[in-house]
Amino acid sequence: MADHKVFTLAQVAQHKSNKDCWFVISGRVLNVTKFLEEHPGGEEVLLESAGKDATKAFEDIGHSKAAHNLLLKYQVGVLQGCVLNEKDATDASLKEPKKEMSAFVIKDERSPKYTAFLEFFVPLLVAGSYFSYRYLTRADQIIY
Ligand code: HEM
């Protein structure tokens, strides 16, 4: 699980060299020093955002889902005042973590309740209809 140590932006701003490079993306404080050379977009663009909130720069590029998932690997903490969704690190969930979570909860809870209702009452209705039919059409009840 990603690190939840809390940092202020002033603390992040102290790490802005190519030997020690941090920035913030969507509330996650990232230490990308080891990633500088690996970054497909080059080291320079990362260093331009060093010590700052790089959320806009990161999103403006339209990074892939793989790139979004990589954020967790470099996370060393969270920015003071931010709440994150730990379920996944994809774009929308990072921007509005709480809303995403509640949307999931609503979907997950409603569907099983509805299904359970049908699973219980439909067989009951079918069985009830069958036995009513059998009862009403009994041979000893037929009057000639
Ligand atoms: C930890 C943070 C970051 C990670 C893990 C990351 C990861 C990646 C990856 C995997 C790619 C390849 C294309 C893709 O899969 O989307 C990429 C491309 C790129 N990234 Fe980042 N990136 C990060 C931060 C940034 C930042 C802050 C900028 C600032 C502008 C940036 C600018 C770019 C650019 C310009 C490209 C090249 C896009 C292209 O060639 O079309 N990245 N990045």
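Look up: the structure comes first, before these words.
Heads up: these notes are all about the structure in this document. Computed from a predicted model, the values in this text were never measured in an experiment.

Criteria and cut-off values
- Residues numbered from 1 in each chain as written.
- Predicted model: local features only at pLDDT ≥ 70, side-chain atom pairs only at ≥ 80, totals over all residues.
- Helix = DSSP H or I, 4+ residues; strand = E, 2+ residues; numbered from the N terminus.
- Buried ≥ 20, exposed ≤ 12 C-beta atoms within 10 Å, placed from the backbone.
- Contact = placed C-beta atoms within 7 Å.
- Near = placed C-beta within 6 Å.
- Nonpolar A, V, L, I, M, F, W, Y, C, P; charged D, E, K, R; others polar.
- Pairing = 2+ DSSP bridges.

## Let's talk about the overall build of the chain
- Scanning the chain for helices and strands turns up 6 helices and 5 strands.
- In sequence order, the secondary structure elements of the chain are arranged as β-α-β-β-β-α-α-α-β-α-α.
- In the chain, buried positions account for 20% of the 144 residues.
- Excluding contacts between residues fewer than 6 apart, the proportion of contacts in the chain whose partners are at least 24 apart in sequence is 62%.

## Section: the site of the ligand
- Around the ligand lies a shell of 21 residues, among which Pro40, Gly41, Ser64, Ala67 and Leu70 are the nearest.
- Elements supplying a minimum of two residues to the shell around the ligand: α2 (43–49), α3 (55–61) and α4 (65–74).
- Of the residues that constitute the shell around the ligand, the class distribution is 16 nonpolar, 5 polar and no charged.

## Quick word on the sheet that holds strand β2 (residues 16–17)
- Taken together, the 5 strands give an open sheet; going across it, the order is β1-β5-β4-β3-β2, and neighbouring strands pair in mixed fashion. The open sheet has two free edges, formed respectively by β1 (6–7) and β2, since each of these has just one partner strand.
- Alignment of β1 against strand β5 (residues 75–79), held across 2 bridges, turns out to be parallel. When the bridges of β5 are listed, valine 6 appears paired with valine 78.

The values reported here are purely geometric and, on their own, carry no functional implication.
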